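# Examining the three-dimensional arrangement
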Amino acid sequence: TKTHQTDSVAILGGLARILPLRSPPLPPRPSLAGLLLPGTCSAVRAAAAAPPGLRLALLPSGARLEPVAQELAARISSRTGLLEAGLSYRRALNHRKLQPALPLRVLPRTAGILAETMGAFGLVASPWPETRLALIARRYCGSECKLQFHRDSFTLFEEPVFGLVLRRGVAAPRLALRPAAPSRHAAAFALQERPGLAIWLEGPARYEWSHGVFHDSSQRAGTANKRGQDEATPESERLSLTWRWVRASALAWASASGPQAELWVARFMALAQERGLSRAQALAFLGARRLKDDRPLELTAGKVREVVLVPWLRAVHTEAALLAADPAKGPEHCAETALSLLRLWEEAGVESVR
């Protein structure tokens, strides 16, 4: 059995860097055959193959999923259908702050199922770093409930990203994946979901493919009652968990002093130049072209913390900024460039935060 190493911390220059997971081998392709469902969602057309880095597992039939679902359902917001535990990703991306949400200790059954799920992939939590855990429970109920195609933030979260289906009615939406570039109408596929289906996304599945939650076109009409009103029923409900770990570099940036932040950014710009990346690309990575006014970032002494938006950037903003900085490369290369710049960003942080 492999060891889950996201808790293995090496202190390098004062910055806690989390070592990557030692991943178990991918399961044989036939093990995915019964779980891929091409061409059934209204937003989905059949893809030739699943992306590298997608791993699926089924928890044993004895897994206590319903007690976990009940524990979460009692706390999920009726307005948003969401519950966050650990660190809040919404506050990080919307307000550029790392703030705690609900502590995991008040969700003991949920904590247990996280460990059981990672065990299904051959990982042992020993223990994993709860201080950087960002967990979200989502409840979808009704024919209009869905989650648009997206990718989790490159700069905020490590890989892999884990998911678990706790409840799924026969008319509920399901997870779908499609290539992120170059076309919005690229071929995709959905998963044949059932309670206990565990999902692992890393590598291309994490960075080059988008995922979302959509209804099957054949089931969508069946979730409305005879009067045509959308009705939430057990048959239309999907309750799932997603969890990932905030990068140690994000925690370090959030707590860095003004002088440390200035040094960090200066070292990053120097490293980018040394490795053959343009100043325009480096600035785009740092500020996503200022997001609102689409102007290149200006690094002014004493104001670096105000203008640098890493790590509080969504993947779509990072890639759009990099494409604007170097249109000749094309959207298919944006993820690769973003990850190269991310490695330099974290390397610069190790040298700067002491």
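Overview of the structure. Here the structure is a predicted model, which is why all the values come from computation and not from measurement. (Residues numbered from 1 in each chain as written. Predicted model: local features only at pLDDT ≥ 70, side-chain atom pairs only at ≥ 80, totals over all residues. Heavy atoms only, no water.)

## Re the pattern of salt bridges
Under the definition given, this model contains twelve salt bridges. One salt bridge in this structure joins R55 and E202, with 2.6 Å as the shortest N-O distance. Taken together, the residues span a long stretch of sequence, with R55 in strand 4 (residues 54–58) and E202 in the loop between strand 11 (197–201) and helix 4 (203–207) at a distance of 147 residues. For the residue pair R55 and E202, the accessibility class agrees, reading buried in each case. (Salt bridge = Lys/Arg side-chain N within 4 Å of Asp/Glu carboxyl O. Helix = DSSP H or I, 4+ residues; strand = E, 2+ residues; numbered from the N terminus. Buried < 20%, exposed > 50% of the residue type's maximum accessible area, 1.4 Å probe, protein only.)

## Describing the packing of aromatic side chains
For the structure on display, the rule yields 13 aromatic pairs. Ring centres of F162 and W200 lie 5.3 Å apart, and the angle between their planes is 75°; on these two criteria the pair is classed as edge-to-face. Taken as a pair, F162 in strand 8 (residues 161–168) and W200 in strand 11 lie far apart in primary sequence, 38 residues in all. Look at F162 and you get buried, because its relative accessible area is 1%. With relative accessibility at 0%, the residue W200 sits in the buried group. Plain terms: the ring middles of F268 and W345 are 5.7 Å apart, the flat faces sit at 80° to each other, and that makes the pair edge-to-face. Placement of F268 in helix 7 (residues 258–274) and of W345 in helix 11 (residues 334–352) is noted, with a sequence separation of 77 residues between them. Taken together, the ring pairs in this structure connect F121, F162, W200, W243 and W245 into an aromatic cluster. The lysine or arginine in question, R244, covers the ring of Y89, its NZ or CZ lying 5.0 Å from the ring centre. Stacked on the ring of F157, the Lys or Arg R244 has its end atom at 4.0 Å from the ring centre. (Phe/Tyr/Trp six-rings, centres within 6.5 Å; stacked < 30°, edge-to-face > 60°. Lys NZ or Arg CZ within 6 Å of the ring centre and 35° of its normal.)

## Describing empty space enclosed by the protein
Rolled over the atoms, a probe as big as a water molecule pinpoints where empty space is left. Counting across every chain of the model gives one cavity of 30 Å³ or more. Roughly 30 Å³ of volume is contained in the largest cavity. Residue lining of the largest cavity: Q281, L322, L323, D326, K329, G330, H333, C334 and T337, and that is the complete set. Looking at the lining of the largest cavity residue by residue, the class counts come to three nonpolar, four polar and two charged. (1 Å grid on protein atoms, 1.4 Å probe; cavity = no way out; pocket = protein on both sides within 12 Å on 5 of 7 lines; lining within 4 Å. Points joined across faces, edges and corners; volume = space filled by probe spheres on them. Nonpolar A, V, L, I, M, F, W, Y, C, P; charged D, E, K, R; others polar.)

## Some points on the sheet that holds strand 5 (residues 82–86)
Taking strand neighbours across the sheet as the criterion, the six strands line up as 4-11-8-13-6-5 in an open arrangement whose pairing is antiparallel. Every interior strand has two partners, whereas the edge strands, strand 4 and strand 5, have only one. Each strand axis lies, on average, 15° off the axis of its neighbour in the sheet, ignoring direction. Helix-sheet contacts for helix 1 (residues 65–73) involve strand 5, strand 6 (133–141), strand 8 and strand 13 (237–245), and the interaxial angle to strand 8 is about 95°. Helix 3 (residues 108–120) contacts strand 4, strand 6, strand 8, strand 11 and strand 13 of the sheet and is inclined by roughly 75° relative to strand 13. (Pairing = 2+ DSSP bridges. Axes fitted to C-alpha atoms, helices over the stretch in contact; angles between N-to-C directions. Contact = heavy atoms within 4.5 Å.)

## Structural notes on the environment of W345
Its relative accessible area of 1% is what places W345 among the buried residues. On a C-alpha basis, the gap between W345 and L271 in space is 8.5 Å, while along the polypeptide they are 74 residues apart. The residues contacting W345, other than those within four sequence positions of it, are W253, W264, V265, F268, F285, L286, V308 and V310.

By themselves, these are just geometric observations and shouldn't be taken as functional.
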